[in-house]
Structures are given as C-alpha cells and as structure tokens.
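# Descriptive structure summary
Here are the chains, one letter per residue:
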Amino acid sequence: MKIGNVTLDNKVFLSPMAGVTDLPFRLICKEQDCGMLYTEMINAKALCYDDQNTKKMLKIEEEEHPVAVQIFGSDPAFMGGAAEILNEYPNEILDINMGCPAPKVIKNGDGSALMKNPKLAEEVLKSVVKNSKKPVTLKIRKGWDDNNINAVEIAKIAEASGISALAIHGRTREQYYSGKADWDIIAKIKESINIPVIGNGDVFEVEDAINMINKTNCDAIMIGRGAQGNPWIFKRINHYMKTGEILPEPTGEEKINTALKHLKLAIDEHGEYVAVREMRKHIAWYLKGLRGSARLRDEINKIESYEEVVNKLRDYLSHSLT
C-alpha cells in the first residue's frame, strides 16, 4: 500500500477523531498494528497564528510513524499556509478534512460544509497541494444530505488537484453517525478515480472490514468508532488478512490492563487533572460489555485522582474478573 511516496505496512488505518485520537490513544493503536495513525483535526488558521494549544496537538513520537496530520479550514490562503508550516513537522502525510459534521466547524464553512461549494473546495485542495512537500490526502462524506450527494464529483476534483489518496465516509453530513453507512458510494468513487480510495464507516468487527473490501474494492480501511475501547481491531483484521484466522476477542483482563496503560500515557502527556477527565470516556469504552461495568463506570466518572482510578480498575480486575 502506497500513498504518494509513502509506503505503508498495512491497509488498516485509524480515523482522525476530535477529542479521541490524541498521542496516547495513537500509541495504543500503533501497538496493535495500525497501518497509519491520524491526528485530531488541526485548525489551519490557529496554526498560522502560532496558537500554542494547537501546536501541542502536533506532537508526534518516533514509534508512531507513519502519521497523517489532518487540517481543517475553508480559506485557501490559511490552508496553504498551514501546509507550508507542516512541511517542518515529522508527519508523512497531510490530510484535509471535508467530512466533519460538527456544528461549530460547519458554521464557518469548514469540514463537510466545504462539499457544498465545489469551486472553493478545489481552491483549498490546490493551495494545500501547491504548498505541501508531502503527499496530500482528503477525507470527505457522501454529501451534505440525501438531496446533495456529490462525493464522486468532489473525488474527481481532488484527483485533478493533485490529491494522493481519498477517504470516504459513507454517510451524509445530515446523518452524522446515525443510520447505516452507504458502502455503494465507496465503490462508485473507486470506479471513478485512479488514486487509492480508503473506505470508512461501520467497521466494528473483522468481518465488517472484509465485507467492505469485497463490496467496494477499496484500497484501505479507516476505522473510527470501531477502535474506541477496541484498539485490538487493527491487529485482528490484519491477522485475518494474512492467515484467514480470526483471533479471539481480548479478555476482560487485557481490556483493563490496556485501559491502565492508556491512562498512564495520558497522565504523562496531559497531566493528572486533564488526563483523568479525558480518560473517562475511553475507560467507559474499554469496560463496555464487561460484567458489572455500568456501576464501575459511574464511580470512575466521579473520581478526580489518578491513584483512585488505578485502584478502582485494579480492584475490579481482582474481584470481578476472576
């Protein structure tokens, strides 16, 4: 699997997710054989204005590579400026966000709102490609709503603008994450362009990944919500692709130990106050489906110290999972 001049070990990628794909989570996913990691989306304008909090989100560790940094914005000058700044960063790929459905993003014409304006989208794409020394990729949705499905049109514009690969989430902006992802649109795009196509949407199990590849002929798979609390999905899909064997689901013990490791990485990166609060959602995802986990989740949501969270999880490990 190649994107531009970048060779990837496998074709199962972590989707960029705001508030989720920070450095600690990416490291956990990398350990589980993720083929490419994506950062949280970076505000191009904030980066151009040298915003320190934005720059903190761009920390990349040696063991993460290859990494794609995703930027968002709808001003071609700021997007091109961000691309130029990121030439000095260690990421291998630069990704453009035209898929985010969040109101605070689309109200400025960014994210999936940019798909409503193909001419401006083209200007943004060309500006980023022109200013980036790295391969540029694009992530889009099926369209704005059921009356405005233009993913194929945007994909063709992207290819003509010099984009090296395209990821497509098979939902409209209006759908957010509800309903079912339309994999047919992934297949249509694959038939319409010659650059690699990355399929995204509703891959929660090993079988989903295989079905997506078989149905769409996509070149790679991007996993978002399916990796939340389940970083093992990357290793399990890759193992199946190589051997035809489905590895067993992780045990409760593996889940708790990984949650503890993730928590420690988060403390090291963000400090105790922020990390303990940020990790509440991750711990809830790790605990999902485990016996008595609802009560434990509620207790952890009230805890503010690292030591207390660790004690709760270890206590649960020794008493509820044995």
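Starting afresh in each chain, residues are numbered from 1 along the sequence in its written order. With the structure being a predicted model, the display of local features is reserved for residues of pLDDT at least 70 and the display and counting of side-chain atom pairs for 80 or more, all residues being used for whole-chain, interface and lining totals. Where side-chain values are given, they derive from all heavy atoms of the structure, hydrogens and water being excluded.

## Side note on the overall build of the protein chain
Quick note on the threshold: For the purposes of this entry, the term helix denotes a DSSP run of H or I that reaches at least four residues, the term strand denotes a run of E that reaches at least two, and both are numbered from the N terminus. Note on method: radius of gyration uses C-alpha positions; expected globular size equals 2.2 Å times residues raised to 0.38. Residue exposure (1.4 Å probe, protein chains only): buried if accessible area is under 20% of the type maximum, exposed if over 50%, otherwise partly exposed. Between two residues, a contact is recorded if the distance between any of their heavy atoms is within 4.5 Å. To be clear on the numbers: accessible area is Shrake-Rupley with a 1.4 Å probe, and residue cover counts the displayed protein chains and nothing else. Counted as positive: Lys and Arg. Counted as negative: Asp and Glu. His and the chain ends are not counted at all. Taken as the charge centre is NZ of Lys, CZ of Arg, CG of Asp or CD of Glu, depending on the residue.
Secondary structure assignment for the protein chain yields 14 helices and eleven strands. By the compact-globule yardstick of 20 Å for 322 residues, the protein chain fits well, its C-alpha radius of gyration being 20 Å. By principal-axis analysis of the C-alpha atoms, the protein chain measures approximately 60 × 45 × 35 Å. For the protein chain, with 322 residues in total, the buried portion stands at 56%. Contacts in the protein chain between residues far apart in sequence, at least 24 positions, make up 69% of those at least 6 positions apart. Within the structure as shown, the protein chain displays about 14,200 Å² of accessible surface, and the carbon and sulfur contribution to it stands at 47%. Between the centroid of the 43 positive side chains of the protein chain and the centroid of its 46 negative side chains there is a distance of 2 Å.

## Re empty space enclosed by the protein
Filter applied, for reference: The distinction between a cavity and a pocket rests on a 1 Å grid over the protein atoms alone: a 1.4 Å probe fits inside a cavity but cannot get out, while a pocket stays open yet meets protein on both sides within 12 Å along at least five of seven lines, and a residue with an atom within 4 Å of a point counts as lining. Grid points are joined across faces, edges and corners, and a volume is the space filled by probe spheres set on the points. Under this grouping Gly is polar, as are all residues other than the nonpolar Ala, Val, Leu, Ile, Met, Phe, Trp, Tyr, Cys and Pro and the charged Asp, Glu, Lys and Arg.
Across all of its chains, the model carries one cavity of 30 Å³ or more by this definition. Here the largest cavity defines a volume of roughly 40 Å³. Taken together, Asp-22, His-262, Ala-266, His-270, Ala-275, Glu-278, Met-279 and His-282 make up the lining of the largest cavity. Listing elements by their share of the lining of the largest cavity, those giving two or more residues are helix H11 (252–270) and helix H12 (272–287). Among the elements that make up the lining of the largest cavity, the one with the highest residue count is H12 (four residues). Class assignment for the residues of the lining of the largest cavity results in three nonpolar, three polar and two charged.

## Observations regarding the domain arrangement of the protein chain
To keep things clear, this is the line we draw: The domain limits used here are those given by an automatic or database domain assignment. Note on terms: buried area is the combined drop in 1.4 Å-probe accessible area of two parts once they are placed together, counting the loss on both. Between Lys or Arg on one side and Asp or Glu on the other, a salt bridge is scored when a side-chain nitrogen of the former is within 4 Å of a carboxyl oxygen of the latter.
Domain annotation of the protein chain identifies domain 1 (1–241) and domain 2 (250–319). One C-alpha centre belongs to domain 1, the other to domain 2, and the line joining them spans 29 Å. Facing the 14 residues of domain 1 at the interface are 15 residues of domain 2. The largest share of the area that domain 1 buries against domain 2 comes from Pro-24, Ile-28 and Trp-232, three residues that together contribute 40% of it. Joining domain 1 to domain 2, the criterion identifies two salt bridges. The residue Glu-31 makes a salt bridge to Lys-261 at a minimum N-O spacing of 2.6 Å. Considering each element in turn, the side of domain 1 that touches domain 2 owes the most residues, six residues, to helix H1 (residues 23–31).

## Here's the deal with the layout of surface pockets
Estimates place the volume of the largest pocket at around 820 Å³. Secondary structure elements with two or more residues in the lining of the largest pocket: helix H2 (44–48), strand S6 (67–72), helix H5 (103–106), strand S8 (136–143), strand S9 (165–172), strand S11 (220–223) and H12. If one sorts the elements of the lining of the largest pocket by residue count, S8 sits on top with three residues. Residue classes in the lining of the largest pocket are distributed as 21 nonpolar, 15 polar and eleven charged.

## Section: the UniProt feature "binding site: FMN" (unreviewed entry) in the protein chain
Defined as follows: UniProt positions are given in the numbering used here, feature names are shortened, and annotations may be inferred rather than shown by experiment.
Under the UniProt annotation, "binding site: FMN" (unreviewed entry) lies at Pro-16, Met-17, Ala-18, Gln-70, Lys-139, His-169, Gly-224 and Arg-225. Those annotated residues lining the largest pocket are, specifically, Pro-16, Met-17, Ala-18, Gln-70, Lys-139, His-169, Gly-224 and Arg-225. Residue position: Pro-16 is located in the loop between strand S3 (12–14) and H1. According to the relative accessible area criterion, Pro-16 is buried, its value standing at 12%. With residues up to four places along the chain from it excluded, the contact list for Pro-16 reads Thr-21, Tyr-38, Thr-39, Gln-70, Lys-139 and Met-222. Note on placement: Met-17 falls in the loop between S3 and H1. Assessed through its relative accessible area of 11%, Met-17 is described here as buried. Once residues lying within four places of it in the same chain are set aside, the contact partners of Met-17 are Phe-25, Glu-40, Gly-224, Arg-225 and Gln-228.

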